[in-house]
Amino acid sequence: MIKSVEEYLEALKTELKGSDAATIQDALADAEEHLRAALANLREQQPDLSEQETLPQVIEQYGSPEETASAYAEIERRTVPQLGPENPKPQSALARFFGVYMDARAWGALLYMLIAFVTGILYFTWAVTGLATSISFALFIFGLPFALLFFLSVGGLALIEERIVEALLGVRMPRRALFSQQNLKWLDRIKELALDKHTWFSILYMLIQFVLGTVYFILLVTILSFSLSFIAIPVLQEVWGEGAIMNNGIRYFFPLWSYPLLVLGAVFLWTSFMNLARSIGQLHGRMAKSMLVTE
């Protein structure tokens, strides 16, 4: 017989063993929120009963760990990420190489690389400012509420990043925030958040995202610029009569026979980068999952 919410959660976690980590986090958060809310309502109606006495009624309504795990497994089967991995048919290496243009994950990764530059700056600025201010004001009473707001905001930003990662990179991420008891005093809430590894891994992710976002943006802009430049050379020379290269006031022209090679080079360069971007997106998604999803 389950005697506490903690025992129920442990039993549910055992039943979900082998499932996706994001699914386990969602299931545990939903179960804890429902059980604690239902227990609080019953205790208000029947204050003479203990948690151990009211818990069976709550579990009967919500479902046993086995039933809950089965329900989440079914939900997970039906709701996969839109850009999740597929089972492609066997193709030649050339078909796989140029087939990247038909792969939504590659386009999603390109968009993520562009967005990561902006989010990386925002995350880094907020993380550094929040940490520095919280530590500086720690000696003053008004510093503690600021620290609480900062830790709460970290969880909110982590949830936003999780939704972006799932939408653009096709990696299953949690679809709800971690459960947090609402009746805690704010000092206890600060302590809970400060000791939670999820908070610090989220902050670390924000700092790393700044570096990676900058690298992604530089790669994207550089490769795109070179690809467009190669394609623009024939147009520049034939339409405007301008040489593509200037050195010491002298313009140099590419020969006519090189035009097809320049265009093919641009296509090959950009196609290679799209394949690379798809791989980067998959690796970044795994990193985000390992840092932002609790186990």
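All of the points below concern the structure found in this document. If you're wondering where the values come from, they're calculated on a predicted model, not measured in any experiment.

What counts as what
- Residues numbered from 1 in each chain as written.
- Predicted model: local features only at pLDDT ≥ 70, side-chain atom pairs only at ≥ 80, totals over all residues.
- Heavy atoms only, no water.
- Axes fitted to C-alpha atoms, helices over the stretch in contact; angles between N-to-C directions.
- Helix = DSSP H or I, 4+ residues; strand = E, 2+ residues; numbered from the N terminus.
- Parallel < 35°, antiparallel > 145°, perpendicular 65-115°, else oblique.
- Left-handed = near helix turned anticlockwise from the far one by under 90°.
- Nonpolar A, V, L, I, M, F, W, Y, C, P; charged D, E, K, R; others polar.
- Salt bridge = Lys/Arg side-chain N within 4 Å of Asp/Glu carboxyl O.
- Phe/Tyr/Trp six-rings, centres within 6.5 Å; stacked < 30°, edge-to-face > 60°.
- Buried < 20%, exposed > 50% of the residue type's maximum accessible area, 1.4 Å probe, protein only.
- Core = buried A, V, L, I, M, F, W, Y, C linked by side-chain atoms within 4.5 Å.
- Contact = heavy atoms within 4.5 Å.

A closer look at the packing of helix α6 (residues 104-136) against helix α9 (residues 197-239)
Right, so step 1: Relative to each other, α6 and α9 sit at 140°, their axes nearing to 7 Å. When the axes of α6 and α9 are compared, the pair comes out oblique. For the crossing formed where α6 meets α9, the hand is left-handed.
Right, so step 2: When grouped by side-chain class, the residues that make up the contact of α6 with α9 number 21 nonpolar, five polar and no charged.

Structural notes on the pattern of salt bridges
Right, so step 1: On inspection of all chains with the given rule, the structure shows eight salt bridges.
Right, so step 2: The partner of R36 in a salt bridge is E32, and the shortest N-O contact between them spans 3.0 Å. With R36 and E32 both in helix α2 (residues 21-45) and four residues apart, the pair spans about one turn of that helix.
Right, so step 3: Measuring nitrogen to oxygen at the nearest pair gives 3.2 Å for the salt bridge that ties R163 to E166. One end of the pair is R163 and the other is E166, both in helix α7 (residues 143-169) and three residues apart, which spans about a single turn.

So, the packing of aromatic side chains
Right, so step 1: One pass over the structure, following the stated rule, counts eleven aromatic pairs.
Right, so step 2: Note on F151 and W200: the rings are 5.8 Å apart at their centroids and 70° apart in plane angle, and the pair reads as edge-to-face. Of this pair, F151 sits in helix α7 while W200 is found in helix α9, placing the two residues 49 residues apart along the sequence.
Right, so step 3: With a centroid separation of 5.6 Å and an interplanar angle of 35°, the aromatic rings of W270 and F273 are classed as tilted. With a gap of three residues between them, W270 and F273 both fall in helix α10 (residues 259-292), about one helical turn apart.
Right, so step 4: Judged by its relative accessible area of 15%, W270 is buried.
Right, so step 5: Taking relative accessible area as the criterion, F273 reaches 3% and is therefore assigned buried.

What about the nonpolar core?
Right, so step 1: Within the largest apolar cluster, 37 residues are counted, with the highest numbers of intra-cluster contacts made by L110, Y112, V165, M173, Y205, W270 and F273.
Right, so step 2: The element that contributes the greatest number of residues to this core is α7, accounting for nine residues.
Right, so step 3: Sequence-distant contacts of F273, defined by excluding residues within four places in its chain, comprise L110, M113, L219, L220 and I223.
Right, so step 4: A31, A38, L55 and A69 belong to the second-largest nonpolar core, a separate cluster that totals 19 residues.

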